[in-house]
Amino acid sequence: DTGVSQNPRHKITKRGQNVTFRCDPISEHNRLYWYRQTLGQGPEFLTYFQNEAQLEKSRLLSDRFSAERPKGSFSTLEIQRTEQGDSAMYLCASSLNREKLFFGSGTQLSVL
Amino acid sequence: GQQLNQSPQSMFIQEGEDVSMNCTSSSIFNTWLWYKQDPGEGPVLLIALYKAGELTSNGRLTAQFGITRKDSFLNISASIPSDVGIYFCAGPPTNDYKLSFGAGTTVTVRA
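Residues numbered from 1 in each chain as written. Chains lettered and ligands numbered in written order. Predicted model: local features only at pLDDT ≥ 70, side-chain atom pairs only at ≥ 80, totals over all residues. Heavy atoms only, no water.

Engineer: How should I be thinking about the overall build of chain A in this particular structure?
Structural biologist: Along its length, chain A carries 0 helices and 11 strands. In chain A, the succession of helices and strands from N to C terminus is β-β-β-β-β-β-β-β-β-β-β. The C-alpha atoms of chain A give 13 Å as radius of gyration, which agrees with the globular expectation for 112 residues (13 Å, within 12%). Within chain A, buried positions represent 46% of all 112 residues. (Helix = DSSP H or I, 4+ residues; strand = E, 2+ residues; numbered from the N terminus. Rg over C-alpha atoms; globule rule 2.2 N^0.38 Å. Buried < 20%, exposed > 50% of the residue type's maximum accessible area, 1.4 Å probe, protein only.)

Structure below.
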């Protein structure tokens, strides 16, 4: 399978716990994006990497959120001290050019 | 991000009918993208449009890039049950690389 892979697919956690999600992009894609999607809405931009450099972070990304892409390949998104409002689908996408993003299946986070 | 307005929000259609939906923006876009999302999955790219006035087809799907560059249209012909899902328009506003998404049009097909 050469698509974008995200793990885990589902995560249930208790408020206050830390969670980490992983994204493996399409291998030749140098751009990687994280988006968040809540019910009834389209995806909202969180952050963007070109190779290993994190070039932009949305204001939606509070200090409790951190993303890394250490070798310019896979990426991780960590949420510390989760809150119920963090419950959402977290989507990873990769691209070769600027516009055509290819998304993974997402990680559905539920914070109890 | 930029506000993209999709219309209608939802639609119920009979199998075999043609479907039309649109997307408008207050800003000029240089690229329009249409995605489809099934429940519990990520969005899947359907069609990409790069020029004002461009009309592009992908099977039973046809999308158009509006000549004002502030709107786009998606048509599905002869709908089938697997057309059920949420259709999103998206694009990077001029001088930006981030995709902004509309809130989606939910399509439900009655057999």
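From this point, things continue past the structure.
Engineer: What is the right way to look at the nonpolar core in this model?
Structural biologist: Nonpolar side chains in soluble globular proteins tend to be buried together. Counting residues in each nonpolar core, the largest one holds 21 residues, and the members touching the most others are M21, W32, W34 and L74 of chain B. Setting aside residues no more than four positions away along its own chain, L74 of chain B makes contact with V19, S20, M21, W34, I47, L61, T62, A63 and Y87 of chain B. Of all hydrophobic cores here, the second largest spans 19 residues; its members include F21, A67, C92 and V111 of chain A. (Core = buried A, V, L, I, M, F, W, Y, C linked by side-chain atoms within 4.5 Å. Contact = heavy atoms within 4.5 Å.)

Engineer: Looking at this structure, how should I read the sheet that holds strand β3 (residues 19-24) of chain A?
Structural biologist: Across a sheet, strands are paired by hydrogen bonds formed along the backbone, either parallel or antiparallel in direction. Residues and elements named next belong to chain A. In spatial order, the strands read β1-β3-β8-β7; together these 4 strands make up an open sheet with antiparallel pairing. Two strands in the sheet have a free side with no partner beyond their single neighbour: β1 (5-7) and β7 (65-68). Mean inter-strand twist for the sheet, computed between neighbouring axes without regard to direction, equals 15°. In terms of strand pairing, β7 meets strand β8 (residues 75-79) through 4 bridges, oriented antiparallel. In the strand pairing of β8, A67 is matched with L77. (Pairing = 2+ DSSP bridges. Axes fitted to C-alpha atoms, helices over the stretch in contact; angles between N-to-C directions.)

Engineer: It is not clear to me how the sheet that holds strand β8 (residues 71-76) of chain B should be interpreted in this structure. Could you clarify?
Structural biologist: Residue and element names in this part refer to chain B. Read across the sheet, 5 strands follow the order β1-β3-β8-β7-β6 without closing on themselves; strand pairing throughout is antiparallel. Two strands close off the open sheet at either side, each with one partner strand: β1 (4-7) and β6 (55-58). For this sheet, the mean angle separating the axes of adjacent strands, direction not counted, is 15°. Relative to strand β3 (residues 19-25), β1 runs antiparallel, the two sharing 4 bridges. Residue pairing for β3: L4 is matched across the bridge by S25.

Engineer: I tried to follow the packing of aromatic side chains on my own but got confused; where do I start?
Structural biologist: What describes a pair of aromatic rings is the distance from one ring centre to the other and the angle between the planes of the rings. Taken as a whole and judged by the stated rule, the model has 11 aromatic pairs over all chains. For the pair F65 of chain A and Y90 of chain A, a centre-to-centre distance of 6.4 Å together with 40° between the ring planes defines the contact as tilted. With F65 of chain A in strand β7 and Y90 of chain A in strand β9 (residues 88-95), the pair connects residues that are 25 residues apart, well separated along the chain. Take F65 of chain A: its relative accessible area is 5%, and that puts it in the buried class. Y90 of chain A sits in the buried class, given a relative accessible area of 0%. Seen from their ring centres, F103 of chain A and Y35 of chain B are 5.6 Å apart, and the 85° between their planes marks the pair as edge-to-face. Of this pair, F103 of chain A sits in strand β10 (residues 102-103) while Y35 of chain B sits in strand β4 (residues 32-37), on two different chains. Take F103 of chain A: its relative accessible area is 10%, and that puts it in the buried class. Y35 of chain B gets classed as buried once you look at its relative accessible area, which sits at 0%. (Phe/Tyr/Trp six-rings, centres within 6.5 Å; stacked < 30°, edge-to-face > 60°.)

Engineer: What exactly am I supposed to notice about the side chain of Q37 of chain B here?
Structural biologist: Locating Q37 of chain B in the fold gives a position in strand β4. Residues in contact with Q37 of chain B, not counting those within four places in the same chain, are Q37 of chain A together with G42, P43, G85, I86 and F88 of chain B.

Engineer: Would you take a moment to explain the state of the cysteines for this structure?
Structural biologist: What we call a disulfide is simply a covalent bond connecting the sulfur atoms of a pair of cysteines. Summed over all chains, the structure comprises 2 disulfides over all chains. For C23 of chain A, the disulfide goes to C92 of chain A, at an S-S distance of 1.9 Å. On the sign convention where negative means left-handed, the S-S torsion of about -70° between C23 of chain A and C92 of chain A marks this disulfide as left-handed. Of this pair, C23 of chain A sits in strand β3 while C92 of chain A sits in strand β9, and the two are 69 residues apart along the sequence. Taking the relative accessible area as the measure of exposure, C23 of chain A reaches 0% and is therefore buried. The class of C92 of chain A is buried, set by a relative accessible area of 0%. Here C23 of chain B is linked by a disulfide to C89 of chain B, with a sulfur-sulfur distance of 1.9 Å. Judged by the sign of its S-S torsion, about 55°, the cystine formed by C23 of chain B and C89 of chain B is right-handed. Of this pair, C23 of chain B sits in strand β3 while C89 of chain B sits in strand β9 (residues 85-91), placing them 66 residues apart in sequence. Like C89 of chain B, C23 of chain B is buried. (Disulfide = S-S within 2.5 Å.)

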